[in-house]
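One-letter residues, chain by chain:
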Amino acid sequence: MDFLFNQNVQFYLIAYLLGGIPFGLILAKVFAGVNVKEAGSQSIGATNVLRVVKETNPSLAKKLGAATLALDAIKGIAVVLAAKYMGMDESVQWMVAVLAVIGHCFSPYLWFEGGKGVATGMGVMAVMLPIPTIIALVVWGIAAKTIRISSLSSMLGLLALVIAAFVLYPAMFHAPVLFIAFILFYKHIPNFVRLLKGEEKRVA
């Protein structure tokens, strides 16, 4: 058990456990009395919180959706910033970023189920790759306004981030970026299936 006293390992555990906190589920239960795991797409993310809570309380739905989005991003930002503040090697920072996203997508508090990882992924990327993240957010914002399909908009933003990372930083080690992108893509496979069937709902 001596490895648990290693600072890097401690940060890895914190990143995973913090990333796994299901803020959307908690907020919807506490403030709206609904279980988002049993309604809508059954996701704990901001989009499903917005969609499910909107059925009973439209004004509260926007607030809880925004709060979920912010908190899911902040937990990723916070743990990576902490690693930077502690002067940890960049490779350790990237591992912390990856584990925060894994924690959200495969939460230890939800029997290793979780959200789609977009907000947490953008949170960690905002710290590690700020310029590509800004580009991704612009693409996501344009797509969200025009297409109004959350999953597709998110994936277009993710694609923009990956491309920007390769173009702007051709010499960097891109494996963590690609790994995070793969996790987010994998979690969106059900959305792609619904999209192909014409069943994916638009965000009103």
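Heads up: the structure comes first, above all this text.
Residues numbered from 1 in each chain as written. Predicted model: local features only at pLDDT ≥ 70, side-chain atom pairs only at ≥ 80, totals over all residues. Heavy atoms only, no water.

Colleague: An account of helix H4 (residues 58–85) is requested, with residue identities and associated values reported.
Modeller: For H4, which comprises 28 residues, the first-to-last C-alpha distance of 40 Å matches the rise-based estimate of 40 Å (1.5 Å per residue) to within 8%. If you check which residues of H4 are buried, you get Leu60, Ala61, Leu64, Gly65, Thr68, Asp72, Ala73, Lys75, Gly76, Val79, Val80 and Ala83. Those residues of H4 that are buried lie in contact with helix H1 (7–19), helix H2 (23–32), helix H3 (46–54), helix H5 (90–105) and helix H6 (118–128). Two residues or fewer after H4 comes Gly87, characterised by a positive phi angle close to 75 degrees. (Helix = DSSP H or I, 4+ residues; strand = E, 2+ residues; numbered from the N terminus. Expected span 1.5 Å × (residues − 1). Buried < 20%, exposed > 50% of the residue type's maximum accessible area, 1.4 Å probe, protein only. Contact = heavy atoms within 4.5 Å.)

Colleague: Describe the packing of H6 against helix H7 (residues 130–146), listing the residues and the values that go with them.
Modeller: One way to put it is that H6 packs onto H7 with a least axis distance of 6 Å and a crossing angle of 140 degrees. Our classification of the angle between H6 and H7 gives oblique. Residue-level inspection shows Met122, Met125, Ala126, Val127 and Met128 of H6 in contact with H7, the latter providing Pro130, Thr133 and Ala136. (Axes fitted to C-alpha atoms, helices over the stretch in contact; angles between N-to-C directions. Parallel < 35°, antiparallel > 145°, perpendicular 65-115°, else oblique.)

Colleague: I'd love a proper account of the packing of aromatic side chains, names of residues and values included.
Modeller: We describe a pair of aromatic rings using the distance from one ring centre to the other and the angle between the two ring planes. One pass over the full model with this rule turns up two aromatic pairs. Taking 6.5 Å as the distance between ring centres and 25 degrees as the angle between the ring planes, the aromatic pair formed by Phe182 and Tyr186 counts as stacked. Of this pair, Phe182 and Tyr186 both sit in helix H9 (residues 175–187), separated by four residues, roughly a single helical turn. Relative to Phe192, the ring of Phe185 has its centre 5.1 Å away and its plane inclined at 40 degrees; by these criteria the two rings are tilted. What makes Phe192 buried here is its relative accessible area of 18%. The ring of Phe106 has Lys187 lying over it, and the distance from NZ or CZ to the ring centre is 4.9 Å. (Phe/Tyr/Trp six-rings, centres within 6.5 Å; stacked < 30°, edge-to-face > 60°. Lys NZ or Arg CZ within 6 Å of the ring centre and 35° of its normal.)

Colleague: How would you summarise unusual backbone geometry if you had to cite specific residues and measurements?
Modeller: The backbone of Trp111 sits at a positive phi, close to 55 degrees, despite the residue not being glycine. Inspection of the secondary structure puts Trp111 in the loop between H5 and H6. Accessibility expressed as a relative area gives 78% for Trp111, which makes it exposed. Not every positive phi belongs to a glycine, and Arg148 is a case in point at roughly 60 degrees. By the element assignment, Arg148 lies in the loop between H7 and helix H8 (150–168).

Colleague: Residues and numbers for the packing of H1 against H5, please.
Modeller: Put simply, H1 and H5 touch, their axes get as near as 6 Å, and they point 30 degrees apart. With respect to H5, the axis of H1 lies roughly parallel. Here H1 and H5 pass one another in a crossing that is right-handed. Residues Asn8, Phe11, Tyr12, Ala15, Tyr16 and Gly19 of H1 lie in contact with H5, whose contacting residues are Val92, Met95, Val96, Leu99, Ala100, Ile102, Gly103 and His104. Tallied by class, the residues present in the contact of H1 with H5 amount to ten nonpolar, four polar and no charged. (Left-handed = near helix turned anticlockwise from the far one by under 90°. Nonpolar A, V, L, I, M, F, W, Y, C, P; charged D, E, K, R; others polar.)

Colleague: Before we move on, can you summarise the pattern of salt bridges with the specific residues and values?
Modeller: A side chain with one charge may pair with a side chain of the opposite charge, provided their charged atoms come close. Under the defined criterion, the tally for this structure stands at two salt bridges. Between Lys37 and Glu113 there is a salt bridge whose closest N-O contact spans 2.8 Å. Of the two residues, Lys37 is situated in the loop between H2 and H3 and Glu113 in the loop between H5 and H6; the sequence distance between them amounts to 76 residues. Notably, a salt bridge pairs Lys75 with Asp72, separated by 3.4 Å at the nearest N-O pair. In this pair, Lys75 and Asp72 are both assigned in helix H4, three residues apart and thus about one turn of the helix distant. The buried category is assigned to Lys75, whose relative accessible area is 4%. According to the relative accessible area criterion, Asp72 is buried, its value standing at 2%. (Salt bridge = Lys/Arg side-chain N within 4 Å of Asp/Glu carboxyl O.)

Colleague: Give me the side chain of Asn191: which residues, what numbers.
Modeller: By secondary structure assignment, the location of Asn191 is in helix H10 (residues 189–196). The exposure class of Asn191 is buried, given its relative accessible area of 7%. Residues within four places of Asn191 in sequence aside, it is in contact with Lys116, Ser151 and Glu200.

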